[in-house]
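Single-letter residue listing:
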Amino acid sequence: MTEARRSTGDHAHAHAPAAAGPARLAWTLGLVVAFAIAEVAGGLVSGSLALLADAGHMASDAAALGLTLFAMHIAQRAPSPTRTFGYHRAEILAALANGATLVAIAVLILIEAIGRLRTPVAVESGVMLAVAIAGLVVNVVSLVILRGGRRGTSLNLRGAWLHVFTDALGSVQAIAAAVAIALFGWTWIDPVASILIALLVVYASWSLLRESIAVLMEGVPAGIDLEQVRAALNGVPGVRDVHDLHVWSITSGFVALAAHLVIDDAAGAASALRAARACLAERFDIHHTTLQLDVGAECRYVDHP
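Below is a short write-up of the structure. Because the structure is a prediction, the values reported are computed rather than measured. (Residues numbered from 1 in each chain as written. Predicted model: local features only at pLDDT ≥ 70, side-chain atom pairs only at ≥ 80, totals over all residues. Heavy atoms only, no water.)

**Some remarks on the nonpolar core**
Judged by nonpolar contacts, the single largest core of 26 residues is most densely connected at Leu245 and Leu257. Of all the secondary-structure elements, those providing two or more residues to this core are helix H7 (226-234), strand E1 (239-251), strand E2 (254-263), helix H8 (269-284) and strand E3 (288-295). In this structure, Leu25, Val32, Ala95 and Ala160 belong to the second largest nonpolar core, which totals 24 residues. (Core = buried A, V, L, I, M, F, W, Y, C linked by side-chain atoms within 4.5 Å. Buried < 20%, exposed > 50% of the residue type's maximum accessible area, 1.4 Å probe, protein only. Helix = DSSP H or I, 4+ residues; strand = E, 2+ residues; numbered from the N terminus.)

If you want it as structure tokens, here you go:
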């Protein structure tokens with residue numbers, strides 16, 4: 001079989017811009033660290049587990065923001081002979097670490113809360129309420145600084161945003177618990193609020209963990225149907241068959257594709273290549289492509305999805 005093999009890579013990658021720059025992250029980190037210290041003091045003075053749980057979560061926020069900043073810095077390093085795609089996956093590793101940290105903190109909160117339900121502890125509701133309100137203000141300010149993280153395509157940034165968002169909801173829970181204790185003397189509401197915070201943290205971190213693992217396992221990115229991509233390439237004029245088709249993410253917003261295209265004749269190779277690249281860019285927003293053209297009879301192959 002006569003074959004002509006060609007590869008192409010559209011190297012003008014349209015990487016997703018960070019929704020919040022390093023300066024915003026640094027400001028948020030400073031706010032979170034300062035208030036985490038104040039919240040630990042407030043939790044110890046008031047005896048509130050909800051506040052201490054929230055303080056622990058804010059400490060994890062600080063670590064998450066620091067890790068996010070570090071990963072963003074590392075990701076900007078240029079590719080090398082041993083890291084041909086560069087260091088983009090540092091951001092995915094940071095997102096995975098942030099998600100795992102959230103789950104670990106939630107488990108610790110659950111264990112302590114169950115112990116408090118069995119052995120109730122007196123809580124100073126006034127101190128608890130004041131610190132919780134201040135915490136909510138700090139978290140809302142942080143969310144404003146990190147605006148865009150909720151819908152940003154960066155898993156790394158989304159991990160940092162989730163830390164702050166779930167902590168804001170934790171402050172709301174602590175405020176509600178403090179009010180209930182002050183009005184009705186329900187000390188049991190404090191550990192119950194902590195359990196709700198822990199469950200919320202697990203729920204919020206699950207999608208982050210799932211998406212981070214999917215990128216590291218080089219799964220097909222969310223929103224892309226592999227069979228639709230195959231059908232679109234099969235519909236390109238001059239393309240007879242498509243095999244060894246692979247689509248994966250290098251990092252958030254950086255999708256790559258590799259495939260073999262069987263074409264009718266070598267004379268139409270250049271036009272088929274251009275049409276295939278245009279199809280992938282316009283229909284699926286895939287710009288980093290490596291396409292091998294096989295000219296002649298259909299190839300025998302085993303396709304690995």
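Read on for the rest.
**A closer look at the pattern of salt bridges**
Should the charged atoms of two oppositely charged side chains come close, the side chains can pair. Applying the stated criterion to the full structure yields three salt bridges. Among the ionic pairs, glutamate 218 bridges to arginine 89, the shortest N-O distance being 3.9 Å. Note that glutamate 218 is positioned in the loop between helix H6 (189-216) and H7 and arginine 89 in helix H3 (residues 89-118), a separation of 129 residues in sequence. (Salt bridge = Lys/Arg side-chain N within 4 Å of Asp/Glu carboxyl O.)

**A few points about helix H5 (residues 155-184)**
Here H5 spans 42 Å end to end across 30 residues, near enough to the 44 Å set by a 1.5 Å rise per residue. Counting buried residues along H5, 21 of its 30 residues qualify, which places the element largely inside the surrounding structure. Within two residues after H5, glycine 185 carries a phi angle of roughly 70°, on the positive side. (Expected span 1.5 Å × (residues − 1).)

**Considerations on the pairing of E2**
Of all 10 residues making up E2, eight are buried, and the element is well covered by its neighbours. Here E1 runs beside E2; their pairing, made up of nine bridges, is antiparallel. Residue serine 249 lies in a different strand from E2, and its bridge partner there is valine 255. Turn length for the E1-E2 hairpin, with the two strands adjacent in sequence and antiparallel, is two residues, and the turn residue glycine 253 shows positive phi of about 80°. In this structure, E2 lies alongside E3, joined through eight bridges in parallel fashion. (Pairing = 2+ DSSP bridges.)

**Looking at the environment of serine 205**
As for its placement among the helices and strands, serine 205 is situated in helix H6. Along the backbone, serine 205 and valine 103 are 102 residues apart, and their C-alpha atoms lie at a distance of 7.0 Å. If near-sequence neighbours (up to four positions away) are discounted, serine 205 is found in contact with Gly99, Leu102 and Val103. At 3.1 Å, the side chain of serine 205 and the backbone oxygen of valine 202 are in polar contact. (Contact = heavy atoms within 4.5 Å. Polar contact = N/O pair within 3.5 Å; in protein donor to acceptor, adjacent residues only side chain to side chain.)

**Side note on helix H1 (residues 22-46)**
Its 25 residues place the ends of H1 35 Å apart at the C-alpha level, agreeing with the 36 Å of an ideal helix rising 1.5 Å per residue. Turning to H1, its buried residues are Leu25, Thr28, Val32, Phe35, Ala36, Glu39, Gly42, Gly43 and Ser46. Glycine 47, located one to two residues past H1, shows a positive phi value of around 80°.

**Observations regarding the pairing of E3**
Most of E3 is tucked away: seven of the eight residues are buried. Crossover E2 to E3 through H8 is right-handed. (Right-handed = clockwise from strand over helix to strand, strands pointing away.)

**Overview of the packing of aromatic side chains**
Under the criterion given, the structure shown has four aromatic pairs. Seen from their ring centres, phenylalanine 85 and phenylalanine 254 are 6.3 Å apart, and the 75° between their planes marks the pair as edge-to-face. Of the two residues, phenylalanine 85 is situated in the loop between helix H2 (49-75) and H3 and phenylalanine 254 in strand E2; the sequence distance between them amounts to 169 residues. With relative accessibility at 3%, the residue phenylalanine 254 sits in the buried group. Aromatic pair tryptophan 186 and tryptophan 188: ring centres 5.4 Å apart, planes at 25°, arrangement stacked. Judged by its relative accessible area of 36%, tryptophan 186 is partly exposed. We classify tryptophan 188 as partly exposed; its relative accessible area is 42%. Chaining the aromatic ring pairs together yields one cluster made of Phe184, Trp186 and Trp188. Against the face of tyrosine 87 rests arginine 77, its NZ or CZ located 4.7 Å from the ring centre. (Phe/Tyr/Trp six-rings, centres within 6.5 Å; stacked < 30°, edge-to-face > 60°. Lys NZ or Arg CZ within 6 Å of the ring centre and 35° of its normal.)

**Observations regarding the sheet that holds E1**
Taken in spatial order, the three strands line up as E1-E2-E3 in an open sheet, and their pairing is mixed. Edge positions in the sheet fall to E1 and E3, since each has one partner strand and no second. Averaged over all pairs of adjacent strands, the angle between strand axes in this sheet comes to 10°, irrespective of strand direction. Packed on one face of the sheet, H8 meets E2 and E3 and runs near 145° to E3. (Axes fitted to C-alpha atoms, helices over the stretch in contact; angles between N-to-C directions.)

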